[in-house]
Amino acid sequence: MCGIAGMVSRYAADLELVRRMCEVITHRGPDGDGFHGDEHAALGMRRLAIIDLTTGDQPVYNENTRIVAVFNGEIYNFAELRRDLIRRGHQMRSAGDSECLVHLYEEYGADMVQRLRGMFAFALWDRDRQRLILARDRVGKKPLYWRADDTSIWFASELKSLEQDPRMSRETDPVALHHYLSYQYVPAPWSIYQGVYKLLPGHVLIWERGRITVRRYWELDRTPRPVSDERQQEERLRELLLEATRIRMVSERPIGAFLSGGIDSSAVVAAMAMQSPGQVKTFCIGFEESRYDERHKARLVADRYGTDHHEMVVTTSLLDILPRLAWHFDEPFADSSAIPSFYAAQLSRRHVTVTLSGDGGDECFGGYQRYALMNQAGRIPAVPRALGAVSSRIGTVFAERSAAGSPLRQLGRLMRFAAEPPPRRYPSLMSCFTQEQKLRIYSDALGHRLAEVDSHSLLKTVFENSSADTDLGRVLDVDTLTYLPNDLLVKVDITSMANSLEIRSPFLDHHLMEWAATLPSALKVHNRRTKLLLKRAVAPWLPEELLRCPKQGFGVPLAAWLRGELRELLYDVLTDDTARGRNLFRPSAVRGLLQRHIDGADHGDRLWTLLQLELWHRAHAAEGDPVVTNGDRDRCGR
């Protein structure tokens with residue numbers, strides 16, 4: 001894992017603590033390390049070296065060493081920034097991107113983040129002003145945790161680093177746990193621990209002599225612009241994607257691409273092949289179950305562009321990595337596609353150090369079927385509460401007792417949609433456990449504590465505050481600000497860094513995202529057709545058969561696994577004395593959920609969410625740590 005760690009105090013830095021924090025990162029990184037401390041601040045980092053291998057050590061300083069920074073990620077426009085800074089009289093000691101940070105700060109202060117194009121989390125210390133700046137990239141590709149008291153602030157790319165401080169409470173935040181059961185991830189700004197927070201994407205935190213301010217520096221404007229010539233938009237999309245791909249191909253290490261067989265990754269591979277001087281290396285993960293296997297589609301693209309193609313099949317025999325994944329994910333995380341993501345990164349790392357991916361294409365151009373479902377549901381007015389309750393119950397039964405992607409499951413989801421007022425429809429769709437299901441499974445103590453906490457309000461607030469003029473635009477905003485950074489990008493970052501691999505995502509270039517955000521909704525989704533403009537734009541690049549195939553997603557046959565090969569593991573982990581002793585859930589409710597799944601109802605996602613929570617506890621929670629906060633305290637992140 002690559003990342004940053006540090007601690008700053010108004011009095012003196014605890015250098016021994018910071019050294020231990022940094023060791024969590026440095027003993028696992030493959031390339032280059034650095035450490036710096038003085039009487040006021042201590043910063044440390046370990047970064048996977050991709051650019052400027054010779055002179056790119058960190059920390060980096062300005063000319064008089066009064067400003068120091070550590071940085072995780074990549075700045076794609078660093079060459080342009082360097083040229084401008086040198087013209088302005090700055091002296092550069094290295095040839096890479098990291099050193100730009102300290103000189104940009106000298107010129108622009110905290111507004112320097114506006115000039116960065118890339119993925120990043122960084123910490124910058126201004127010794128003269130006794131000022132620390134923490135910043136995270138616009139979309140949230142790189143993680144950044146922090147905690148503070150009246151005199152000091154601690155920060156790190158991983159919770160493991162912060163856990164090295166024996167003074168840090170390891171008390172689980174019940175509100176974070178409550179949100180996790182809804183969305184299968186802990187949403188920012190919460191973390192799973194009380195008093196530890198995630199810096200939100202597109203935000204800057206400034207700590208100056210004990211005072212903290214946090215501000216947002218970037219957000220998408222989804223006000224639609226008029227489009228008179230759709231062919232011109234297709235051409236512009238191709239130009240933007242080619243340019244975003246080209247700048248992400250700069251590397252002093254071997255580079256390749258994930259090729260899942262979907263439109264997005266296929267378009268990125270095509271853009272790479274058209275601009276690469278050599279053969280592109282591509283990597284694909286498949287399954288023995290044909291419904292989840294897209295290797296045949298990936299081969300169509302690999303054959304068309306003559307890539308050096310590599311494949312791997314994931315089976316349940318490989319699932320001994322579950323405890324390992326629970327350790328790498330510092331918080332409970334229940335997106336089951338983390339399994340193929342981990343193996344895709346492992347496969348890729350045998351051949352390359354950098355891979356490009358198609359992440360973000362769905363959020364930019366409307367690729368998920370749930371967007372089409374929202375479009376359809378948008379025509380359905382809110383139903384009376386009594387009728388809505390009946391519709392919701394019937395829809396839930398249909399959804400649980402039908403196969404994934406089946407018409408009956410789609411009908412069930414539509415009925416649950418209709419039962420909710422429009423702003424709450426999407427949160428309902430995205431939830432794993434409903435509020436009622438959570439309260440039925442909680443222990444008395446936890447249920448009492450969380451009875452009035454509304455997880456749906458997190459997504460509902462984003463939906464209502466969106467600048468979009470359609471429900472589709474609003475749910476794209478919701479996903480860009482919640483699901484994308486808290487689920488997809490966490491999964492990509494953790495599984496890739498666990499294998500010392502860097503992932504770059506052309507569709508998440510902020511120039512491309514800003515352009516796509518203002519496209520009319522009709523160019524993204526119409527009736528049940530998704531990603532309309534993108535498919536037309538890349539049609540000249542891709543095999544026609546690929547464009548006709550329905551979207552599959554990067555899922556795993558979870559329900560079948562949990563009834564079959566993983567059944568014994570599921571029972572052992574969720575019903576043993578260790579799990580029951582946490583006093584989180586009613587043992588009878590957990591057993592009932594297990595039995596209903598075995599009997600044929602599909603509770604795979606909910607059981608997987610409980611399983612990952614318990615595996616996280618066993619990997620991270622220290623023996624005797626408190627889990628549930630009783631009483632009236634509410635110290636959740638805000």
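The structure we're discussing is the one just above.
Residues numbered from 1 in each chain as written. Predicted model: local features only at pLDDT ≥ 70, side-chain atom pairs only at ≥ 80, totals over all residues. Heavy atoms only, no water.

Glancing now at the overall build of the chain. Of regular secondary structure, the chain possesses 27 helices and 19 strands. Counting every position in the chain, which comprises 638 residues, the buried fraction comes to 61%. Restricting the contact set of the chain to residue pairs at least 6 apart, pairs at least 24 apart contribute 73%. When the accessible surface of the chain is split by element, carbon and sulfur atoms take 49% of a total near 24400 Å². (Helix = DSSP H or I, 4+ residues; strand = E, 2+ residues; numbered from the N terminus. Buried < 20%, exposed > 50% of the residue type's maximum accessible area, 1.4 Å probe, protein only. Contact = heavy atoms within 4.5 Å. Areas by Shrake-Rupley, 256 points an atom, 1.4 Å probe, with all protein chains shown as cover.)

Another point: the pattern of salt bridges. If you walk through the whole model with that rule in mind, you get 40 salt bridges. For Glu614, the salt bridge identified is with Arg582, shortest N-O distance 2.9 Å. In this pair, Glu614 is assigned in helix H27 (residues 604-620) and Arg582 in the loop between helix H25 (577-580) and helix H26 (587-598), connecting sequence segments 32 residues apart. Here Glu614 and Arg582 have matching classes, each one buried. The residue Arg618 makes a salt bridge to Glu614 at a minimum N-O spacing of 2.6 Å. Of this pair, Arg618 and Glu614 both sit in helix H27, separated by four residues, roughly a single helical turn. Counted as one network, the salt bridges with shared partners bring together Arg117, Glu243, Arg246, Arg248 and Asp509. (Salt bridge = Lys/Arg side-chain N within 4 Å of Asp/Glu carboxyl O.)

What the rule picks out here adds up to eleven aromatic pairs. Judged by centre distance (6.0 Å) and plane angle (25 degrees), the rings of Tyr183 and Tyr185 are stacked. Accessibility assignment for this pair places Tyr183 and Tyr185 in one class, buried. Relative to Phe333, the ring of Phe329 has its centre 4.6 Å away and its plane inclined at 5 degrees; by these criteria the two rings are stacked. Exposure remark for Phe333: the relative accessible area of 8% places this residue in the buried category. The aromatic ring of Tyr108 is capped on one face by Arg115, whose charged end is 3.5 Å from the ring centroid. Directly above the ring of Tyr368 sits Arg370, whose terminal nitrogen or CZ lies 4.0 Å from the centroid. (Phe/Tyr/Trp six-rings, centres within 6.5 Å; stacked < 30°, edge-to-face > 60°. Lys NZ or Arg CZ within 6 Å of the ring centre and 35° of its normal.)

Our next topic: the sheet that holds strand S16 (residues 354-356). An order of S15-S14-S13-S16-S17 is seen for the five strands of this open sheet, with the pairing classed as parallel. Each edge of the open sheet is held by one strand with a lone partner, namely strand S15 (308-314) and strand S17 (502-504). Shown here is a sheet whose adjacent strand axes are inclined to one another by a mean of 30 degrees, direction ignored. Sheet topology places strand S13 (residues 255-258) next to strand S14 (residues 281-287); three bridges connect them, and they run parallel. Considered in S14, the bridge of Gly256 is made with Lys281. Helix-sheet contacts for helix H7 (residues 263-273) involve S13, S14 and S16, and the interaxial angle to S13 is about 155 degrees. (Pairing = 2+ DSSP bridges. Axes fitted to C-alpha atoms, helices over the stretch in contact; angles between N-to-C directions.)

This brings us to the pairing of strand S7 (residues 131-136). Burial of S7 is extensive: six of the six residues sit out of reach of the surface. Taking every second residue as pointing to the same face, both faces of S7 are buried, with Arg131, Ile133 and Ala135 on one and Leu132, Leu134 and Arg136 on the other. Across six bridges, strand S6 (residues 118-126) lies against S7 in antiparallel orientation. From the neighbouring strand, Asp126 faces S7, where its bridge partner is Arg131. Strand direction decides the pairing type here: S7 and strand S11 (residues 203-208), joined by five bridges, are antiparallel. Bridge pairing links Leu132 to Trp207 in S11.

What follows deals with the packing of helix H10 (residues 338-349) against helix H19 (residues 471-497). Packing of H10 against H19 leaves a shortest axis separation of 8 Å and a crossing angle of 40 degrees. By the angle between their axes, H10 is oblique relative to H19. The chirality of how H10 crosses H19 is right-handed. Contacts between H10 and H19 pair Ala338, Ser341, Phe342 and Ala345 from the former with Lys491, Thr495 and Ser496 from the latter. Split by residue class, the contact of H10 with H19 holds three nonpolar, three polar and one charged. (Parallel < 35°, antiparallel > 145°, perpendicular 65-115°, else oblique. Left-handed = near helix turned anticlockwise from the far one by under 90°. Nonpolar A, V, L, I, M, F, W, Y, C, P; charged D, E, K, R; others polar.)

Relative to the elements of secondary structure, Gln130 occurs in the loop between S6 and S7. Taking the relative accessible area as the measure of exposure, Gln130 reaches 11% and is therefore buried. Sequence separation of Gln130 and Val8 is 122 residues, and the distance between their C-alpha atoms is 9.3 Å.

Attention now moves to the sheet that holds S11. What the six strands build is an open sheet, ordered S4-S5-S6-S7-S11-S12; its pairing is antiparallel. A single partner strand is all that each edge strand has here, and the edge strands are strand S4 (60-61) and strand S12 (211-216).

Further remarks concern unusual backbone geometry. Residues Ala188 and Pro189 are joined by a peptide bond in cis, for which omega reads 10 degrees. With respect to the helices and strands, Pro189 occurs in the loop between helix H5 (174-183) and strand S10 (197-198). In the Ramachandran plot, Gln184 falls in the positive-phi region, its phi being about 70 degrees despite a non-glycine side chain. Of note, Gln184 is situated in the loop between H5 and S10. The exposure class assigned to Gln184 is buried, which follows from its relative accessible area of 15%. Positive phi is not limited to glycine here, since Asn583 has a value of about 60 degrees. With respect to the helices and strands, the residue Asn583 is situated in the loop between H25 and H26. Among the residues examined, Asn583 registers a relative accessible area of 45% and is labelled partly exposed.

Okay, H26 next. The end-to-end C-alpha distance of H26 is 17 Å, a good match for the 16 Å that twelve residues give at a rise of 1.5 Å each. Contacts made by the buried residues of H26 are with helix H16 (435-441), helix H23 (558-563), helix H24 (567-575) and H27. One or two positions beyond H26, positive phi appears at Gly600, with a value near 130 degrees. (Expected span 1.5 Å × (residues − 1).)

Moving on: helix H2 (residues 78-87). Every buried residue of H2 is listed here: Phe78, Leu81, Arg82 and Leu85. Buried residues of H2, seen end-on, are gathered within an arc of 100 degrees and therefore sit on one face of the element. Among the exposed residues of H2, those oriented more than 90 degrees off its buried face are Glu80 and Arg87. Its buried side turned inward, H2 meets strand S5 (67-75) and helix H3 (100-108). Positive phi shows up at Gly89, right after H2, with a value of about 100 degrees. (Arc of directions from axis to C-beta.)

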